[in-house]
Amino acid sequence: MTNLSFALIKCTPYNMDDFIIISDGSDSENAFPRASSENDVFKFRKKRKKTGSNNWLRSPPNTSTPMRTNVKPLIKPLPIPSRRMNIVSHTVEEDFPRGTLHYLTEFVSPHHYPPTAHQYPSLDPPILCHIIRSILLGAQEPGIMNEAYTFLMKVQELHPVKLSTVPWDWNLFTEMMEKEKHPARLLFLQYVVQTLDDDFQLHVQRRSLQKCLAKSMLSCDKSFANIRDIVKWLVDSLKNVTEVCTAEYDHNTMNDHQKVTCLLQRMLSIAVEVDQSPTCSSNKIAGFMFTYVLSINSRHQREMFLKSIESTLLRAKLLDVMFQHSCELPPTLPLSLSKILYFIDHSTLLLEERSRGKEWQRWDEMLHHLCLLFFSYQRIMPEHLRTPVTERIDCILQSTQAHMPNEDLDITEADVEFCLNNFKTRTLGSEIPQTIQAKLNLLYSLFCTTIKNT
């Protein structure tokens, strides 16, 4: 190490001016001159005060070697050490769930995660599986369930699960969803959807969905039986919401049923995208959902079901299937403006026998569904929802415009007006209720605006 020569001048302590570097011990031309006596030190200090410059103290020496920076390398997370896991294992053996959660919460950090079965074989089942099955789903006290859920979400935030480390399986999920009155059902559903969504978004960023957790559980190609279960639970949840609204239940119960509906719809949205063929997946799911929609016996429930669908492409396809079945001669056109006009001109009352109300109210519902279909169609094209999700961002960044179908290029405002007038004639005649007229005016405005913008 280079020897540095210092001269200490007597004055007020902790003043940087009191410490003057005379030489750095080198013979280079840039080295400071060595003081031969105490008088030279005072002369040098006096000269520096006159110039008023301290830059020679603060600036690094002029060398070609770059300065070192204190950049810490990224630390790869490790499993919780065995010594600490032994403490956790003792609390499990003593059946002390609060202690288990307390120590695990203390031990889990950005640098340490709960070990898997092969990393800590002394504990069977693995600790996260134990937290889910024995504490979250097995505890009797709501407070312990909430603590277990909070811990699981903390681990998910710091160390998201992947296909090789997921601590739950579909059989357990199915078992819990069948138990509608289980106190931890909603908490477990929230955790499951969070793990699926986090892993899905991560693999979308990597543009590789083959090893995605949702690919093994929500794929229409590989596990469509799971999609059927979700649709069934979705319809049951919708009926529960309706029962809560009509009966004297507390507000929290209704909110819980609504949360279940939204979470299940999120799972269907992932299922539409995970196979990299949104059009095929939405066609398959909508075809199965249609039979359940027919079983819903009130307009209010049907509207709640359609509004709860998160995937725009899935909602549009389901409405498309409904109108296809309501036409005596179904069209062979793809979803387009021409097809929507065809539905206006040829659709009948599909739900006539099951609906309760006057005939004009059922026509009003049909027009409402047509408006929903039009709004969904307006989003499908510009947002490239038929493009695989891993390639969609490229289309958006490149501002690629989706081309309108050829059959829509020849539609005029006169065609739209003729079709809407024909609808009035074949359905209600001259007496048109105000609500139906408002929906017809809305459809006319939507068509004309779209035609002008093409």
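Here the residue index of a chain counts from 1 through its sequence in written order. Side-chain atom pairs in this predicted model are given and counted only at pLDDT of 80 or more, local residue features only at pLDDT of at least 70, and totals for whole chains, interfaces and linings cover all residues. Note that the side-chain values use all heavy atoms of the structure and ignore hydrogens as well as water.

Q: Even after reading the chapter, I still don't get the overall build of the protein, so can you show me in this structure?
A: Looking only at helices and strands, the protein features 19 helices and 4 strands. Sequence-distant contacts, at least 24 apart, represent 68% of the contacts inside the protein between residues at least 6 apart. Here the accessible surface of atoms and residues is derived via Shrake-Rupley with a 1.4 Å probe, and residues count as covered only by protein chains that are part of the display. Element-wise, carbon and sulfur atoms account for 52% of the exposed surface of the protein, whose accessible area totals about 26000 Å². The way it works is that DSSP assigns letters per residue, a run of H or I at least four long becomes a helix, a run of E at least two long becomes a strand, and they are numbered from the N terminus. Contact definition: two residues touch when any of their heavy atoms are within 4.5 Å.

Q: How should the pattern of salt bridges be read in this particular structure?
A: A side chain of one charge can pair with a side chain of the opposite charge when the charged atoms of the two come close. We define a salt bridge as a contact between a side-chain nitrogen of Lys or Arg and a carboxyl oxygen of Asp or Glu at a distance within 4 Å. If you walk through the whole model with that rule in mind, you get 17 salt bridges. The shortest N-O distance in the salt bridge between Glu-303 and Arg-299 comes to 2.7 Å. Residue Glu-303 and its partner Arg-299 are both found in helix α13 (residues 299-308); the two are separated by 4 residues, about one turn of the helix. A simple rule labels every residue: compare its accessible area, found with a 1.4 Å probe on the protein chains alone, to the largest value its type can have, and call it buried under 20%, exposed over 50%, or partly exposed in between. Under the relative-accessibility criterion, Glu-303 is labelled buried at 17%. Between Arg-299 and Asp-364 there is a salt bridge, and its shortest N-O distance comes to 3.0 Å. With Arg-299 in helix α13 and Asp-364 in helix α16 (residues 359-380), this residue pair connects regions lying 65 residues apart in the sequence. Linked by salt bridges that have partners in common, Arg-299, Glu-303, Asp-364 and Lys-439 make up one network.

Q: Mind showing me how you'd approach the packing of aromatic side chains here?
A: The geometry of an aromatic ring pair comes down to the distance between the two centres and the angle between the two planes. Between 30 and 60 degrees the pair is tilted, below 30 it is stacked and above 60 it is edge-to-face, where a pair is any two Phe, Tyr or Trp rings, Trp via its six-membered ring, whose centres lie within 6.5 Å. In the structure shown here, the tally under the stated rule is 11 aromatic pairs. Taking the centre distance of 5.5 Å and the plane angle of 85° together, the rings of Phe-173 and Trp-233 count as edge-to-face. In this pair, Phe-173 is assigned in helix α7 (residues 170-178) and Trp-233 in helix α10 (residues 224-246), connecting sequence segments 60 residues apart. Among the residues examined, Phe-173 registers a relative accessible area of 0% and is labelled buried. Where Phe-224 meets Phe-288, the ring centres are 6.1 Å apart and the plane angle is 80°; that geometry is what we call edge-to-face. Of this pair, Phe-224 sits in helix α10 while Phe-288 sits in helix α12 (residues 278-295); the two residues are 64 residues apart in sequence, bridging distant segments of the chain. Since its relative accessible area comes to 11%, Phe-224 is described here as buried. Of the aromatic side chains, those joined through ring pairs into one cluster are Trp-168, Trp-170, Phe-173, Phe-188 and Trp-233.

Q: What should I look at first to understand the nonpolar core in this one?
A: Generally speaking, soluble globular proteins have nonpolar side chains that are buried together. In plain words, nonpolar cores are sets of buried Ala, Val, Leu, Ile, Met, Phe, Trp, Tyr and Cys residues tied together by side-chain atoms within 4.5 Å. By size, the foremost hydrophobic cluster in this structure holds 118 residues, and its most contacted members are Trp-168 and Leu-218. Discounting residues that sit within four places of it in the chain, Trp-168 has contacts with Phe-173, Phe-188, Tyr-191, Val-192, Thr-195, Leu-196, Leu-213 and Met-217.

Q: Just to check I follow, could you spell out the state of the cysteines for this structure?
A: Two cysteine sulfurs form what is called a disulfide whenever their separation falls within 2.5 Å. In this structure the tally under the stated criterion is 0 disulfides. No disulfide involves Cys-220; its sulfur sits 9.6 Å from the nearest other cysteine sulfur, which is in Cys-280. Cys-220 gets classed as buried once you look at its relative accessible area, which sits at 1%.

Q: Honestly, the side chain of Asp-275 in this entry has me stumped. Any pointers?
A: Mapped onto the elements of the fold, Asp-275 is located in the loop between α11 (251-274) and α12. Given a relative accessible area of 8%, Asp-275 falls into the buried group. Between N or O atoms, a polar contact is any pair within 3.5 Å; within protein, one atom must be a potential hydrogen donor and the other a potential acceptor, and residues adjacent in sequence are included only when both atoms are from side chains. One polar contact links the side chain of Asp-275 to the main-chain amide nitrogen of Cys-220, over a distance of 2.8 Å. Dropping the residues within four chain positions of it, Asp-275 is found in contact with Lys-215, Ser-219, Cys-220, Asp-221 and Ser-281.

Q: Where do I start with the side chain of Arg-185 in this structure?
A: Along the chain, Arg-185 falls in helix α8 (residues 185-206). For the buried Arg-185, no salt bridge exists, and the shortest N-O distance to an oppositely charged side chain is 5.1 Å, to Glu-180. Within this scheme the basic residues Lys and Arg register as positive and the acidic residues Asp and Glu register as negative, but His and the chain ends are omitted.

Q: How should unusual backbone geometry be read in this particular structure?
A: Trans peptide bonds make up most of the peptide bonds, and negative phi angles are found at most residues other than glycine. Here the residue pair Asp-124 and Pro-125 is connected by a cis peptide bond, since its omega of 5° sits within 30 degrees of zero. Relative to the helices and strands, Pro-125 resides in the loop between β4 (112-113) and α5 (127-136). For His-384, which is not glycine, the phi dihedral falls at a positive 55°. Along the chain, His-384 falls in the loop between α16 and α17 (389-397).

Q: What exactly am I supposed to notice about the packing of helix α14 (residues 312-326) against α16 here?
A: A pair of packed helices can be characterised by two numbers: the angle between their axes and the separation between those axes. Orientation is described by lines fitted to C-alpha atoms, with helices fitted over the stretch in contact, and by angles between N-to-C directions that extend from 0 to 180 degrees. At a minimum axis separation of 9 Å, α14 and α16 run at an interaxial angle of 140°. Classified by the angle between their axes, α14 and α16 sit oblique to one another. Between α14 and α16 lies a crossing whose hand is left-handed. Seen from α14, the contacting residues are Thr-312, Leu-313, Arg-315, Ala-316, Leu-319, Asp-320, Met-322 and Phe-323; seen from α16, they are Met-366, His-369, Leu-370, Leu-372, Leu-373, Ser-376, Arg-379 and Ile-380. Under the scheme applied, nonpolar residues are Ala, Val, Leu, Ile, Met, Phe, Trp, Tyr, Cys and Pro; charged residues are Asp, Glu, Lys and Arg; polar residues are all the others, including Gly. Taken together, the residues of the contact of α14 with α16 break down into 10 nonpolar, 3 polar and 3 charged. Working definition: roughly parallel below 35 degrees, roughly antiparallel above 145 degrees, roughly perpendicular at 65 to 115 degrees, and oblique for all remaining angles. Left-handed describes a crossing in which the near helix is turned anticlockwise from the far one by less than a right angle; the clockwise case is right-handed.

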